[in-house]
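Residue-level listing of the chains:
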Amino acid sequence: MEVIILPSSKEIGVLAADAIEELVRRKPGAVLGLATGSSPLPIYDELARRHDEDGLSFTQAHGFALDEYVGLPLGHHESYREVIRREFTNRMDIAAANVHGPDGTAADILAACDAYEEAIKAAGGVDLQILGVGTNGHIGFNEPGSSLASRTRIKTLQEQTRTDNARFFDSLEDVPHHVVTQGLGTIMDARHVVLVASGAGKAQAVRDFIEGPVTASCPASVLQFHPHATILVDEAAAAELTMAAQYRQTYSSKPAWQGL
Ligand code: GLP
């Protein structure tokens, strides 16, 4: 795990965009793992800027979203398909048909989950997975207690997550109880994982998953087993890290040619 502490979410967005740009220029047909929530927004802003100003192109790229609410009507403003469309797809030149998300409206959710796993495999697997982290350590919608080997499936949200996400809805009652999410095993199959976190509200979760034990009680801690996981945090989210000085020193002496 490489931990990089940056001044703010702006620098996080720039560094994550650097890794994505390097990937897409080297492999135009790259498969990107797309995340929602507020944490990845500076990445999408920076990619959109590079698309507009520097000609960064995604015409051959593919995207797979991490998760989706179950029960929101098709086209609902807060369904993750819509969020990804608004924040990513519509702002780049990626083909809309190349951007996929788990289907939270399927009559047969189990079959839709299996089909989603197959679609990721058929596209060649995820090259770079963007992740945020929940205040309870969830990634995607893999709540504490999720199997570390889980695949795409339906999950029930914890009240803490519903409360955290209520800000996107008119009221807490409108936040669905069920979701479909890539599993921890699915996420672990991505070749490179870039997790971004900012703000004091994430400090405890960040400390737990980076420096605590690997445990289903803190799902993001499974990333300690990932051969290529990059963690980008701002100062506030890094506040509880006991080894912050080592992370800073390691990063400041990293040769530029290594990239992320
Ligand atoms: C949601 C998403 C996660 C996201 C998390 C944190 O629950 N399913 O993918 O990482 O929220 O969101 P935020 O970045 O807004 O704090």
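Below or above, wherever it landed, is the structure these notes cover.

Our next topic: the overall build of the protein chain. Helices and strands together make up the secondary structure of the protein chain, namely eight helices and ten strands. Here the C-alpha atoms of the protein chain give a radius of gyration of 17 Å, agreeing with the 18 Å that 2.2 N^0.38 yields for 260 residues. Of the contacts made within the protein chain by residues no fewer than 6 positions apart, 79% connect residues no fewer than 24 positions apart. In the protein chain, the 21 positive side-chain charges and the 34 negative ones have mean positions that sit 4 Å from each other.

All right, on to helix α3 (residues 80–87) then. Of the residues making up α3, those classed as buried are Y80, E82, V83 and I84. On the buried face of α3, the contacting elements are β2 (31–34), α2 (41–54), β3 (62–65), β4 (67–69), β5 (99–100) and α5 (159–165).

Around the ligand sit 13 residues in total, of which S38, S39, D67, R167 and K202 are the nearest. Contact distances for the ligand include 3.4 Å between an oxygen atom and a backbone N or O atom of V133. In the environment of the ligand, an oxygen atom lies 2.9 Å from a nitrogen or oxygen atom belonging to the side chain of H138. When the residues that make up the shell around the ligand are grouped by side-chain class, the tally is three nonpolar, seven polar and three charged.

Our next topic: the packing of aromatic side chains. A complete count under the given rule lists seven aromatic pairs for this structure. Aromatic pair Y69 and F169: ring centres 5.5 Å apart, planes at 85 degrees, arrangement edge-to-face. Of this pair, Y69 sits in strand β4 while F169 sits in the loop between α5 and β8 (178–181), and the two are 100 residues apart along the sequence. Exposure remark for Y69: the relative accessible area of 2% places this residue in the buried category. Each ring, one from Y80 and one from F141, has its centre 5.6 Å from the other, and the planes form 10 degrees; the classification is stacked. Linking Y80 in helix α3 with F141 in the loop between β6 (128–131) and β7 (153–156), this pair joins segments that are 61 residues apart in sequence. By the burial criterion, Y80 is buried, and F141 matches it. Grouping aromatic residues by their ring pairs yields a cluster made of Y69, Y80, F141 and F169.

Our next topic: the pattern of salt bridges. The final tally for this structure, using the stated rule, is 20 salt bridges. Note that R26 and E22 form a salt bridge whose closest N and O atoms lie 2.9 Å from each other. Placement of both R26 and E22 in helix α1 (residues 9–26) is noted, with a separation of four residues, approximately one turn of the helix. E22 gets classed as partly exposed once you look at its relative accessible area, which sits at 44%. Ionic pairing is found between E82 and R85, a salt bridge with its closest N-O pair at 2.8 Å. On the criterion of helical spacing, the pair formed by E82 and R85 is a turn pair, its members being three residues apart in helix α3. In this structure E82 comes out as buried when scored by relative accessible area, which is 17%. Classification of R85 as partly exposed rests on a relative accessible area of 38%. Linked by salt bridges that have partners in common, D18, E21, R25, E46, R49, R50 and E53 make up one network.

In this section: the pairing of strand β9 (residues 192–197). Within β9, six of the six residues are buried, which leaves the element mostly enclosed by the surrounding structure. The two faces of β9 match: H192, V194 and V196 on one face and V193, L195 and A197 on the other face are all buried. Bridge count between β6 and β9: four bridges; the pairing is parallel. Opposite I130, over in β9, you have V194 as the bridge partner. Sheet topology note: the β9/strand β10 (residues 229–234) ladder contains five bridges and is parallel. Note that in β10 the partner of L195 across the bridge is I231.

Reading guide: rules and limits
- Along each chain, residues carry numbers from 1 onward, in the same order as the chain's sequence is written.
- Under the rules for a predicted model, residues below a pLDDT of 70 receive no local features and side-chain atom pairs below 80 are neither given nor counted, while totals for whole chains, interfaces and linings still include all residues.
- Note that water and hydrogens are dropped before the side-chain values are worked out from all heavy atoms of the structure.
- Only DSSP runs of H or I reaching four residues or more are called helices, and only runs of E reaching two or more are called strands; each is numbered from the N terminus.
- In this treatment the radius of gyration is a C-alpha quantity, and the globule benchmark scales as 2.2 Å times the residue count to the 0.38 power.
- Contacts are assigned to residue pairs with any non-hydrogen atoms lying within 4.5 Å of each other.
- When charges are counted, neither His nor the chain ends are considered; positive counts come from Lys and Arg and negative counts from Asp and Glu.
- Taken as the charge location is NZ of Lys, CZ of Arg, CG of Asp or CD of Glu.
- Buried residues are those whose accessible area, probed at 1.4 Å on protein chains only, stays under 20% of the maximum for their type, while exposed residues exceed 50% and partly exposed ones sit between those limits.
- Whether a residue is near a molecule or strand depends on its heavy atoms: if one lies within 4 Å, it is near.
- For the purposes of these results, a polar contact is taken to be a pair of N or O atoms within 3.5 Å, where, inside protein, one atom must be able to donate a hydrogen and its partner to accept one; residues adjacent in sequence count only when each atom of the pair is a side-chain atom.
- All residues other than Ala, Val, Leu, Ile, Met, Phe, Trp, Tyr, Cys, Pro, Asp, Glu, Lys and Arg, Gly among them, are scored as polar; the first ten of these are nonpolar and the last four charged.
- Side-chain rings of Phe, Tyr and Trp (the six-membered ring for Trp) are treated as a pair once their centres are within 6.5 Å; stacked means planes under 30 degrees apart, edge-to-face means over 60, and tilted covers the remaining angles.
- By convention in these notes, a salt bridge is any Lys or Arg side-chain nitrogen within 4 Å of a carboxyl oxygen on Asp or Glu.
- Two strands are said to pair when DSSP picks up at least two bridges between them.

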